[in-house]
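# Architecture at a glance
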Amino acid sequence: MTEAEIFEFDLNGYIVYKDMLTRDQVGHMNGILDEHIPDETHQFQFITLDPVFMELMAHPGTLRIIRTMIGEWMRLDHAYGIQMDRLTVERGHVKPNLHGGPRHDHGEHQYQWFDGKMYNGLIVVMYALEDINPGDGGLICVPGSHKSNFRYRPPVDSHLVANPSFMAGDMLIFTEALVHGTTTWTSDQRRRALLYKFSPGYSAWVSADGLDDVRALAATDIQRDLLRPPSVGRRTPVEIPDE
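Parameters and conventions
- Residues numbered from 1 in each chain as written.
- Predicted model: local features only at pLDDT ≥ 70, side-chain atom pairs only at ≥ 80, totals over all residues.
- Heavy atoms only, no water.
- 1 Å grid on protein atoms, 1.4 Å probe; cavity = no way out; pocket = protein on both sides within 12 Å on 5 of 7 lines; lining within 4 Å.
- Points joined across faces, edges and corners; volume = space filled by probe spheres on them.
- Helix = DSSP H or I, 4+ residues; strand = E, 2+ residues; numbered from the N terminus.
- Nonpolar A, V, L, I, M, F, W, Y, C, P; charged D, E, K, R; others polar.
- Expected span 1.5 Å × (residues − 1).
- Buried < 20%, exposed > 50% of the residue type's maximum accessible area, 1.4 Å probe, protein only.
- Arc of directions from axis to C-beta.
- Contact = heavy atoms within 4.5 Å.

## Details of the layout of surface pockets
In this model, the largest pocket occupies a volume close to 370 Å³. Lining the largest pocket are 24 residues, with Tyr80, His99, His180, Thr182 and Lys197 positioned closest to its centre. Elements that contribute at least two residues to the lining of the largest pocket include exactly strand E3 (75-84), strand E4 (97-99), strand E7 (123-128), strand E10 (180-183) and strand E11 (191-199). Of the residues that constitute the lining of the largest pocket, the class distribution is ten nonpolar, ten polar and four charged. Its volume calculated, the second largest pocket comes out at about 240 Å³. Lining the second largest pocket we find 16 residues, and of these Pro51, Met54, Glu55, Thr220 and Gln223 sit closest to its centre. Elements supplying a minimum of two residues to the lining of the second largest pocket: helix H3 (51-57) and helix H6 (221-226). Broken down by element, the lining of the second largest pocket gets its largest block of residues, three residues, from H3. Here the residues of the lining of the second largest pocket sort into ten nonpolar, four polar and two charged.

Next up, the structure:
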């Protein structure tokens, strides 16, 4: 991360990187998901559907960014996809909400600096596979709340709440210490995004057993390293290859 990127992430608790995926990559992934995921599905599993999703988990450019956020022992904690359309809320799949925040979930959601280094707990890497325009809905957050000294979640329609926009192929990263959530999707176009959630190597938010089927598909050393169970003793850094 550049100094400007670190400042932006520290200020807001999230950051958008443009064009992390090419148009062809986005089209290929959408084609795979179209074959497997019904239109009305809200949350879905995807990482075992095709090797391209395992490759995306280990995207070297992304790993270099999150190494600054959670250190060299990074590990994939879990992953899932999200779809929304105008009827998602009516179907009862999700209600407009805000959750997360500093020290939430038994203190796992954390954000701090010590001796010139950034420390996070669980972070979310979200790749957009469809455009998210201003006012469309979907992801909402309270910028800066990852550093708040109060456990407070404003109403979803508060002036404190932001609805980040980013285009297909862009990547948004946020810390779970940020107060965030979902609001009603208003666009005629579908929302579709892939979420990879990474933890420091010593930490787990969900049981590591949940990745057993994913581990069985690991094809490279870096994929295997990212899928190691959490530990401290004898853990080695993840070796990120040159792109």
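Moving on from the model shown.
## Details of helix H2 (residues 23-36)
When the terminal C-alpha atoms of H2 are compared, their 20 Å separation across 14 residues agrees well with the 20 Å that a helix rising 1.5 Å per residue should span. Every buried residue of H2 is accounted for by Val26, Met29, Asn30, Ile32 and Leu33. For H2, the angular spread of the buried residues around the axis is 160 degrees, confining them to a single face. Turned more than 90 degrees away from the buried face of H2 sit Arg23, Asp24 and Glu35, all of them exposed. Contact partners of the buried residues in H2: strand E2 (43-44), H3 and E11.

Read these as layout, nothing more, since geometry by itself doesn't imply function.
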